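Below are the chains, spelled out letter by letter.
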Amino acid sequence: MLTEDNFRFARQCGATHLVVHLTDYFSRRASSGRDNQPVGGEEGWGPAGDPDRLWTFEELSDLKRQVRAHGLELYAIENFDPAFWYDILLDGPKKFQQMENLKELVRRAGRAGIPCIGYNFSLAGVCSRIEGPFARGGALSVGMDGVDQTPVPKGMVWNMVVDAGAEKGPQPTVTTESFWQRLAWFLKELLPVAEEAGVVLAAHPDDPPAQIVRQTPRLVYKPDLYQKLLDLAPSPSNQLEFCLGTLAEMAEGDVYEATDRYSRQKKIAYIHFRNVRGKVPRYHEVFLDEGDVDMFRILAILNKNQYDGVLIPDHTPQMTCAAPWHAGMAYAMGFMRAAIQQIEKTESRNRE
Ligand SMILES: [Mn+2]
């Protein structure tokens with residue numbers, strides 16, 4: 001989707017910055033529309049990328065330049081390809097080599113002028129979701145109806161196949177405590193390199209935020225656990241990819257309180273601006289103006305705490321027309337632009 005037309009589309013929607021995915025989660029869906037959200041199943045979304053084909057400095061800086069030529073800034077890369085770091089997540093034999101590769105990627109991003117990389121430290125990744133006409137007017141979106149506890153098979157991480165030749169059978173289980181230790185190792189190794197490269201590592205919470213999904217532990221399934229992640233490795237490069245939709249789905253905690261708490265600490269690298277109805281284990285993703293969350297109240301909290309970072313629409317419901325994804329994004333962007341302009345107008349009136 002990183003095409004000239006889509007850069008123009010983003011600019012026309014009022015975007016100033018881009019967050020891009022360089023992992024092709026959709027390769028298996030090539031025939032059925034590449035721009036919808038996959039929900040996967042027991043086989044996940046399909047094959048991950050090539051572990052030996054790291055994104056090169058040239059690719060990253062070319063993309064940065066291309067984006068800039070359209071009046072936009074490339075702010076962040078979202079997610080490492082599961083092929084690059086699966087043994088870091090699994091504590092497998094290739095974790096040391098894969099960590100060297102991630103360090104190299106972080107250095108390349110820094111050198112290319114990309115200040116942020118989003119990640120989600122998770123074995124099962126985004127999974128256990130259903131798809132249906134859940135948003136207003138029957139717009140197609142995703143949700144959850146009970147937690148999938150089918151074990152993740154060997155050779156799969158983050159809902160993608162990283163080793164097609166892996167023996168059959170479920171992955172061995174891991175405790176929540178030892179999975180936190182894997183995250184601690186990841187941060188201890190990568191954060192010093194990120195600091196030196198001028199790159200922020202931004203953690204997405206677990207989506208969906210259930211405590212155990214597909215028999216794997218989740219680390220950030222309630223708002224307080226974001227604090228645990230921050231306190232685990234104090235560093236200016238240890239920040240959050242703050243997903244409002246996921247936070248609102250959490251069975252415990254309060255999305256407004258969390259927004260206040262983490263924006264006050266200046267720990268939000270960027271925000272996924274998304275609305276939902278319901279909570280884990282039963283919720284639906286919906287349009288920004290019809291969900292449980294008062295998005296204006298969120299923006300007022302961010303404004304009070306002088307948040308000046310990036311906000312992006314997360315996934316949106318698909319709209320019934322020739323370009324369902326684009327229409328959904330344009331609708332979200334229009335809502336966001338209007339809400340932000342409203343706050344700016346009120347601010348300047350208050351100053352007068
Ligand atoms: Mn998100």
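Higher on the page you've got the structure.
Nothing here was measured: the structure is a model prediction, and the numbers come from that model.

**Q** Go over the overall build of the protein chain with me, naming the residues and quoting the values.
**A** For the protein chain, the count of helices and strands is 10 helices and 15 strands. In terms of principal-axis extent, the alpha carbons of the protein chain reach across some 65 × 45 × 40 Å. Here the protein chain holds 352 residues, and the buried ones make up 43% of them. By sequence separation, contacts in the protein chain at least 24 residues apart represent 74% of the contacts at least 6 residues apart.

**Q** Outline helix α10 (residues 324-351), listing residues and values.
**A** The end-to-end C-alpha separation of α10 is 41 Å, in line with the 40 Å expected for 28 residues at 1.5 Å each. Among the residues of α10, Gly-328, Met-329, Ala-332, Met-333 and Met-336 are the ones counted as buried. On its buried side, α10 packs onto β12 (268-273) and β15 (310-313).

**Q** Outline the pairing of strand β8 (residues 200-203), supporting the account with residue identities and numerical values.
**A** With burial as the criterion, each face of β8 is covered, one bearing Val-200 and Ala-202 and the other bearing Leu-201 and Ala-203. As defined by bridge partners, strand β3 (residues 116-119) adjoins β8 across four bridges and the pair is classed as parallel. Opposite Tyr-119, over in β8, you have Ala-203 as the bridge partner. Both β8 and strand β11 (residues 238-243) contribute to a ladder of three bridges, which runs parallel. Bridge pairing links Ala-202 to Gln-239 in β11.

**Q** Mind laying out unusual backbone geometry, listing which residues take part and the relevant values?
**A** The residue after Asp-207, namely Pro-208, is reached through a cis peptide bond having omega 0°. At the junction of Val-280 and Pro-281, the peptide bond is cis and its omega measures out at 10° in the coordinates. Here Pro-281 is to be found in the loop between β13 (275-279) and β14 (282-286). Positive phi is not limited to glycine here, since Gln-215 has a value of about 65°. Summarising the element assignment, Gln-215 is placed in the loop between β9 (212-213) and β10 (216-217). Residue Gln-215 is classed as partly exposed on the basis of its 16 C-beta neighbours within 10 Å.

**Q** Could you give me a rundown of the sheet that holds strand β5 (residues 139-145), with the residues and numbers involved?
**A** In spatial order, the strands read β4-β5-β14-β13; together these four strands make up an open sheet with antiparallel pairing. On the outer flanks of this sheet lie β4 (130-135) and β13, each paired with one strand and no other. Taking the axes of each pair of neighbouring strands and ignoring which way they run, one obtains an average angle of 30° across the sheet. Bridge count between β4 and β5: four bridges; the pairing is antiparallel. Bridging across to β5, Gly-132 finds its partner in Ser-141.

**Q** For the packing of helix α4 (residues 95-111) against helix α5 (residues 176-197), give the residues involved together with the corresponding values.
**A** Relative to each other, α4 and α5 sit at 15°, their axes nearing to 9 Å. Judged by the inter-axis angle, α4 sits roughly parallel to α5. For α4 against α5, the interelement crossing comes out right-handed. When α4 is examined against α5, the residues Met-99, Leu-102, Lys-103, Val-106, Arg-107, Ala-109 and Gly-110 are found in contact with a partner set consisting of Glu-189, Leu-190, Val-193, Ala-194 and Ala-197. Broken down by class, the residue content of the contact of α4 with α5 amounts to eight nonpolar, one polar and three charged.

**Q** Any chance you could break down the sheet that holds β12 for me, citing the residues and the numbers?
**A** Hydrogen bonds between backbone groups are what pair the strands of a sheet, and the pairing can be parallel or antiparallel. What the seven strands build is an open sheet, ordered β1-β2-β3-β8-β11-β12-β15; its pairing is parallel. Of all the strands in the sheet, the pair left with one neighbour each is β1 (17-20) and β15. Recorded for the sheet is a direction-independent mean angle of 25° between the axes of neighbouring strands.

**Q** Go over the pairing of β11, please, and point to the residues and values.
**A** When you tally the buried positions in β11, you get six out of six residues, the bulk of the element. Across four bridges, β11 lies against β12 in parallel orientation. In the sheet register, Phe-242 faces β12, and the bridge partner there is Ile-271.

**Q** I'd like to hear about the environment of Gln-306, residue by residue, with values.
**A** Its place among the elements puts Gln-306 in the loop between α9 (295-304) and β15. Accessibility expressed as a C-beta count within 10 Å gives 9 for Gln-306, which makes it exposed. For the pair Gln-306 and Asn-79, spaced 227 residues apart in sequence, the C-alpha to C-alpha distance is 27 Å.

**Q** Mind laying out the packing of helix α3 (residues 82-90) against α4, listing which residues take part and the relevant values?
**A** Axis separation between α3 and α4 bottoms out at 8 Å; the angle between their running directions is 130°. The angle between α3 and α4 places the two elements in the oblique class. Crossing angle aside, the handedness with which α3 passes α4 is left-handed. Between α3, through Phe-84, Trp-85, Asp-87 and Ile-88, and α4, the contact on the second element is made entirely by Lys-95, Gln-98, Met-99, Asn-101 and Leu-102.

**Q** Please provide a residue-by-residue account of the environment of Pro-170, values included.
**A** The residue Pro-170 is located in the loop between β7 (160-161) and α5 in this model. Taking the number of C-beta atoms within 10 Å as the measure of exposure, Pro-170 has 13 and is therefore partly exposed. Not counting residues up to four positions away in its chain, the partners in contact with Pro-170 are Pro-151, Val-152 and Pro-153.

Calculation notes
Residues numbered from 1 in each chain as written. Predicted model: local features only at pLDDT ≥ 70, side-chain atom pairs only at ≥ 80, totals over all residues. Helix = DSSP H or I, 4+ residues; strand = E, 2+ residues; numbered from the N terminus. Buried ≥ 20, exposed ≤ 12 C-beta atoms within 10 Å, placed from the backbone. Contact = placed C-beta atoms within 7 Å. Expected span 1.5 Å × (residues − 1). Pairing = 2+ DSSP bridges. Axes fitted to C-alpha atoms, helices over the stretch in contact; angles between N-to-C directions. Parallel < 35°, antiparallel > 145°, perpendicular 65-115°, else oblique. Left-handed = near helix turned anticlockwise from the far one by under 90°. Nonpolar A, V, L, I, M, F, W, Y, C, P; charged D, E, K, R; others polar.

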